[in-house]
Amino acid sequence: MTGGAGFIGTNFLLLMVDKYPKDRFINLDVLTYAGNLKNLTGIQERDNYTSYRTDIRDREMLEQVFKREDLEAVIHFAAESHVDRSITNPTVFAETNVIGTLNLLDLSRKYGISRYVQVSTDEVYGSLGPEGYFVEETPLNPNSPYSASKASADLFVRANVETFGLNALITRCSNNYGPYQFPEKLIPLMIWHALEDKPLPVYGDGLNVRDWLYVKDHCEAIDQVFRAGKAGEVYNIGGNNERTNLEIVKLILKILGKSEDLINFVTDRPGHDQRYAIDASRIRKQLGWEPSTSFSVGIEKTIKWYLEHEIWWREILSGEYNQYYAETYHNR
Ligand code: NAD
Ligand code: TYD
């Protein structure tokens, strides 16, 4: 798998290395600003876990791992994942999300990979009005450089299925939240700002809607798609849990006992998608997957995790967590 030191990859590995002691998990991650090896200290010494510091943009470097390890399957999480960063620096999104995926697909064919899962996003479908849901047949209509790069990657996966018969599947999930999410994303950012009594920056009128899913439910869904999904299929994954950003922010303030006066409406994100909402009936009907954590439980757990792991996010804010890696990455 790729991107195991990021938010979702970390949660996936921490769950799956335990759940499948007979499977070997090989984590390829270049450790950008978003990758944090400290997340994985709990499994670092496990017999069924290995990691490589590998850049998926670098085909030769990537091929070294394919040559060395007898890989059976690829689950591809690694990506540049933050929409705001894609607005200021789109190029790296094309390099990592598109070229990186293309490299993995080419090598997966060359080395006879028997199963490939592309971890994608509902953002490839674009934006919804007040009604309706994304289904897997909804046309791709990305609006941000991030979603454009993820949609492009999805199209290359599809082309590999159709042209080369690669056994590949795509998952498209809604917004995740939970432990280990980098503190630039909405929920962790609002938690640490509230704890610090800093203004909480809400873009525009705060009425944009996201469909929030607890990260462990996403990981279980990917695992089920990987093990039982139909080759070539796309699976939407969602929490059936739509909230406006303002609702989320107010809830966080309430749980932390902080004043709503901290809310600060700021200039809107350019091209800000209004609403995402997933119809996840395919994965529910075909694979029996359903979210198991309600939002009220998940958000409490998440806030508790950030309260109990203050060192984790403070080291990120100060840049201590991976100074060396961050510097080498930015100097490339
Ligand atoms: P993240 O930004 O937290 O982590 C990304 C990881 O990929 C990091 O460990 C980083 O070091 C690694 N990486 C980045 N560029 C790399 C490269 N060139 N080579 C090797 N590794 C590289 O992202 P996340 O939130 O964990 O998202 C994981 C995947 O899930 C992404 O593909 C994302 O598009 C998708 N997704 C995320 C969400 C969400 O809400 N976070 C929702 C749906 C889908
Ligand atoms: P984000 O966590 O960046 O996820 P995405 O853009 O991929 O959905 O943002 C979630 C929502 O929160 C999105 O509508 C933008 C909004 N937002 C804010 O209002 N303020 C912030 O500081 C951030 C980071 C996001």
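Residues numbered from 1 in each chain as written. Chains lettered and ligands numbered in written order. Predicted model: local features only at pLDDT ≥ 70, side-chain atom pairs only at ≥ 80, totals over all residues. Heavy atoms only, no water.

1. Digging into the overall build of the chain
Move 1: Helices and strands together make up the secondary structure of the chain, namely twelve helices and twelve strands.
Move 2: In terms of C-alpha radius of gyration, the chain reaches 19 Å, essentially the compact-globule figure of 20 Å for 332 residues.
Move 3: Here the chain holds 332 residues, and 56% of them are scored as buried.
Move 4: Counting contacts in the chain only where the partners sit at least 6 residues apart, residues at least 24 apart contribute 82% of the total.
Move 5: Accessible area of the chain: about 14,600 Å², with a carbon and sulfur share of 50%.
Move 6: One finds the centroid of the 36 positive side-chain charges in the chain at a distance of 3 Å from the centroid of its 46 negative side-chain charges. (Helix = DSSP H or I, 4+ residues; strand = E, 2+ residues; numbered from the N terminus. Rg over C-alpha atoms; globule rule 2.2 N^0.38 Å. Buried < 20%, exposed > 50% of the residue type's maximum accessible area, 1.4 Å probe, protein only. Contact = heavy atoms within 4.5 Å. Areas by Shrake-Rupley, 256 points an atom, 1.4 Å probe, with all protein chains shown as cover. Lys, Arg positive; Asp, Glu negative; His and termini not counted. Charge placed at Lys NZ, Arg CZ, Asp CG, Glu CD.)

2. Topic: the pairing of strand E10 (residues 234–237)
Move 1: Alternating residues of E10 divide into Val-234 and Asn-236 and Tyr-235 and Ile-237, and every residue in both groups is buried.
Move 2: Two strands pair when backbone bridges link them, and strand E5 (residues 168–173) and E10 are joined in this way by four bridges, in the parallel orientation. For Arg-172, the partnering residue across the bridge sits in E10 and is Asn-236. (Pairing = 2+ DSSP bridges.)

3. Section: the sheet that holds strand E4 (residues 115–121)
Move 1: An order of E3-E4-E5-E10 is seen for the four strands of this open sheet, with the pairing classed as parallel. Of all the strands in the sheet, just strand E3 (73–76) and E10 have a single pairing partner and so form its edges. Ignoring strand direction, the axes of neighbouring strands in this sheet form an average angle of 15 degrees.
Move 2: One ladder, built from four bridges, connects E3 with E4; its direction is parallel. Paired with Ala-73 across the bridge in E4 is Arg-115.
Move 3: The sheet contacts of helix H7 (residues 215–228) involve E3, E4, E5 and E10, and relative to E4 the element is tilted by about 145 degrees. (Axes fitted to C-alpha atoms, helices over the stretch in contact; angles between N-to-C directions.)

4. Quick notes on the layout of surface pockets
Move 1: The computed volume of the second largest pocket comes to approximately 550 Å³.
Move 2: Along the walls of the second largest pocket sit 23 residues, with Arg-24, Phe-25, Glu-72, Ala-73 and Phe-226 positioned nearest its centre.
Move 3: For the lining of the second largest pocket, the secondary-structure elements that each account for two or more residues are helix H1 (7–19), strand E1 (25–28), E3 and H7.
Move 4: Class assignment of the residues belonging to the lining of the second largest pocket gives a composition of 13 nonpolar, two polar and eight charged. (1 Å grid on protein atoms, 1.4 Å probe; cavity = no way out; pocket = protein on both sides within 12 Å on 5 of 7 lines; lining within 4 Å. Points joined across faces, edges and corners; volume = space filled by probe spheres on them. Nonpolar A, V, L, I, M, F, W, Y, C, P; charged D, E, K, R; others polar.)

5. Description of the confidence of the model for the chain
Move 1: The predicted model of the chain has a mean per-residue pLDDT of 96, with 97% of residues at 70 or higher.
Move 2: The weakest mean pLDDT in the chain belongs to helix H12 (residues 323–330) at 48; the strongest belongs to E4 at 99.
Move 3: Note that residues 328–332 has pLDDT below 50 and, in this model, eight contacts with residues that lie over four places away or in other chains. (pLDDT = per-residue confidence, 0-100.)

6. Overview of the site of ligand 2
Move 1: In the region of ligand 2, 18 residues are neighbours, and Glu-123, Pro-201, Arg-210, Arg-269 and His-272 sit closest.
Move 2: At a separation of 2.9 Å, an oxygen atom of ligand 2 approaches a polar backbone atom of Leu-186.
Move 3: Arg-210 places a side-chain nitrogen or oxygen 2.8 Å from an oxygen atom of ligand 2.
Move 4: Secondary structure elements with two or more residues in the shell around ligand 2: helix H6 (186–195) and strand E7 (200–203). (Near = heavy atom within 4 Å. Polar contact = N/O pair within 3.5 Å; in protein donor to acceptor, adjacent residues only side chain to side chain.)

7. Considerations on the pairing of E4
Move 1: Burial analysis of E4 places seven of its seven residues in the buried class, which makes it a mostly covered element.
Move 2: The alternating pattern of E4 places Arg-115, Val-117, Val-119 and Thr-121 and Tyr-116, Gln-118 and Ser-120 on opposite faces, both of which are buried.
Move 3: The pairing of E4 with E5 spans six bridges and is parallel. Within E5, the residue paired with Val-117 across the bridge is Leu-169.
Move 4: Of the crossover connections in this fold, the one passing from E4 over helix H5 (residues 145–164) to the parallel E5 is right-handed. (Right-handed = clockwise from strand over helix to strand, strands pointing away.)

8. A few points about the side chain of Ser-108
Move 1: One can find Ser-108 in helix H4 (residues 90–110).
Move 2: Within the structure, the side chain of Ser-108 is placed 2.6 Å from the backbone oxygen of Leu-104, a separation counted as a polar contact.
Move 3: Once residues within four sequence positions are removed from consideration, Ser-108 is found in contact with Phe-66, Val-74, Ile-113, Tyr-116 and Leu-166.

9. A closer look at the packing of aromatic side chains
Move 1: Taken as a whole and assessed by the stated rule, the structure comprises 16 aromatic pairs.
Move 2: Ring centres of Tyr-33 and Phe-182 lie 5.0 Å apart, and the angle between their planes is 85 degrees; this geometry places the pair in the edge-to-face category. You can see Tyr-33 sitting in the loop between E1 and strand E2 (49–52) and its partner Phe-182 sitting in the loop between strand E6 (176–177) and H6, a full 149 residues away along the chain. The same class applies to Tyr-33 and to Phe-182, which are both buried.
Move 3: Linked through ring pairs, Tyr-177, Trp-212, Tyr-214 and Phe-295 together constitute an aromatic cluster.
Move 4: Over the aromatic face of Tyr-133 sits the side chain of Arg-275, whose NZ or CZ is 5.6 Å from the ring centroid. (Phe/Tyr/Trp six-rings, centres within 6.5 Å; stacked < 30°, edge-to-face > 60°. Lys NZ or Arg CZ within 6 Å of the ring centre and 35° of its normal.)

10. Let's talk about the environment of Tyr-146
Move 1: The residue Tyr-146 is located in helix H5 in this model.
Move 2: The exposure class assigned to Tyr-146 is buried, which follows from its relative accessible area of 8%.
Move 3: In sequence terms Tyr-146 and Leu-14 are 132 residues apart; their C-alpha atoms lie 27 Å from each other.
Move 4: With residues up to four places along the chain from it excluded, the contact list for Tyr-146 reads Glu-80, Ser-81, Val-83, Ser-86, Phe-93, Asn-97, Thr-121 and Glu-123.

11. Side note on H6
Move 1: Where burial is concerned, most of H6 is hidden: eight out of the ten residues are buried.
Move 2: Three or more residues of H6 are buried, namely Ile-187, Pro-188, Leu-189, Met-190, Ile-191, Trp-192, His-193 and Ala-194.
Move 3: In this structure, the buried side of H6 is in contact with E6, E7, helix H8 (245–255), helix H10 (295–308) and helix H11 (310–318).
Move 4: With its phi angle positive at about 55 degrees, Asp-197 sits one or two positions after the end of H6.

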